[in-house]
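Close look at the chain arrangement
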Amino acid sequence: MEGLDLIRDLPAILEGSQREAEDIIKGDKIDFQVENILRGAEPNLLYKCDNIQAMKDLLDKGYKSKIDLIYIDPPFFSNTNYSHRIEVFDGEKNVAIETLAYEDTWKDGFKEYLQMLTSRLFLMKELLSDRGTIYVHLDYRTVHYVKVIMDCIFGKDNFLNEVIWAYKSGGTSYRYFSRKHDNILVYTKTQDYIFNPQKEKSYNRGLKPYRFKNVKEYQDEIGWYTLVNLKDVWQIDMVGRTSRERVGYRTQKPEALLERIILSSSNEDSIVADFFGGSGTTALVAEKHNRRWISSDLGSISSGLIRKRLGREHRPYRILNSSPLRWEDRLKLQIEKLDINYHKIKFLEYDLDLSQIKLNKKNREKVEKLQNTNSLAFIDYIAFGHLENNDEIIIEYEELIRPDKLIIDTEMEVDLNLHSIIRIVDVFGQEYVQRLND
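An account of the accompanying structure is given in this report.

Scoring rules and cut-offs
- Residues numbered from 1 in each chain as written.
- Predicted model: local features only at pLDDT ≥ 70, side-chain atom pairs only at ≥ 80, totals over all residues.
- Heavy atoms only, no water.
- Pairing = 2+ DSSP bridges.
- Helix = DSSP H or I, 4+ residues; strand = E, 2+ residues; numbered from the N terminus.
- Axes fitted to C-alpha atoms, helices over the stretch in contact; angles between N-to-C directions.
- Buried < 20%, exposed > 50% of the residue type's maximum accessible area, 1.4 Å probe, protein only.
- Parallel < 35°, antiparallel > 145°, perpendicular 65-115°, else oblique.
- Left-handed = near helix turned anticlockwise from the far one by under 90°.
- Contact = heavy atoms within 4.5 Å.
- Nonpolar A, V, L, I, M, F, W, Y, C, P; charged D, E, K, R; others polar.

1. Some points on the sheet that holds strand S20 (residues 411–415)
- The three strands are arranged S16-S17-S20 in an open sheet whose pairing can be described as antiparallel. Two strands bound the open sheet, and with one partner strand each, they are strand S16 (331–337) and S20. Pairs of neighbouring strands in the sheet enclose a mean axial angle of 35°, with direction left out of account.
- In terms of strand pairing, strand S17 (residues 342–350) meets S20 through five bridges, oriented antiparallel. Bridging from a neighbouring strand, lysine 344 pairs with glutamate 413 of S20.

If you want it as structure tokens, here you go:
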């Protein structure tokens, strides 16, 4: 029996994963290409790598027991490949393109999935502070097995809640109850943990006023209600097709969900981490609520989404990339000297590297057509800066596309005495650095 065999395998999965985590901690330090977006004493951190590498680097940098809140939204063992929807402007209209965001398929099945997650949970426990809380976002496919694993790693006495996130979505079944919720397991490191109770509406029976003494009541368009401490079932809308939050990432989580988690289990001086960064909702909400944040994701789409969602007004952050810089003149430029300092730079064409992008035939044809007619439409982000110690990039000015303007400004004025490089990220997450020559 497969289920019984898997239960028998759990002790071996835990023991093997613990040994793996211990070996990772003892292993050699990892070298990263560093990019500083503005300057700050304690910048936020964005890792573009396997999250094991990110956690190893954090432990080497002294982050052991320093992170107050970890939220992760790992793959759900859905055996599905997830796409990312991109919109570009062809000069007349928006064109939708879909590319692969990440794979949730496992060659060796559920045991491989559990081994992947368990070794990482051991590392997360090392990073979690004594006042820290971890939220693990799952669904019906894996939650019961992961609950047993987390009881073993964090201790069953440190189990705080199973939060049910309930939502509306398309699709129903005539063979079972429609599955319209996710499960979020909540564990603490110790019994002395951060918890800031949040309030929610509790509607009166009949939606009428109770008029109880010393009970404050409110009224909205539905009826009368009181405010009570948040329960463990959260009714929050998904990021719908028409939502302003929507960035085209299939498994994007709503800001309202992360806001409840971050406000409940962290303070303004806390560090918040997400080691399956995805569309960047955790980093964005932590930034809005004045928390330091750490995010990591292996996918090239993720870091580009986080840059874009943070916009122009953000605190300094540092990108740590496990891959070396790609120095390529992909962006064809025309540079005109204006005065002793400033030059006008005009972007003429972008040479998209199609060999690195996973597209089906239909989407590849769209991309090839646009490459011939309006290649600058693929530019998602442009920044100017210079190199410093050990080839670290310092970015001092950024320009990025916005939902209301899906094409970068084609002309800019730049001080070439201060800026010696241009940083390019396209809509597919491909990143390049190019030197600016007078």
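And the narrative resumes.
2. Brief notes about the pairing of strand S8 (residues 181–188)
- With seven of eight residues buried, S8 lies mostly within the body of the structure.
- Strand direction decides the pairing type here: strand S7 (residues 159–166) and S8, joined by seven bridges, are antiparallel. Bridging from a neighbouring strand, valine 163 pairs with isoleucine 184 of S8.

3. Comments concerning the packing of helix H6 (residues 281–288) against helix H7 (residues 300–310)
- Remark: H6 packs on H7, axes separated minimally by 9 Å, with the N-to-C direction vectors making an angle of 25°. Here H7 runs roughly parallel to H6, going by the angle between their axes. The crossing of H6 and H7 is right-handed. Side by side, H6 and H7 meet where Thr281, Ala283, Leu284 and Glu287 of the first sit next to Ile306, Arg309 and Leu310 of the second.
- Looking at the contact of H6 with H7, its residues break down into four nonpolar, one polar and two charged.

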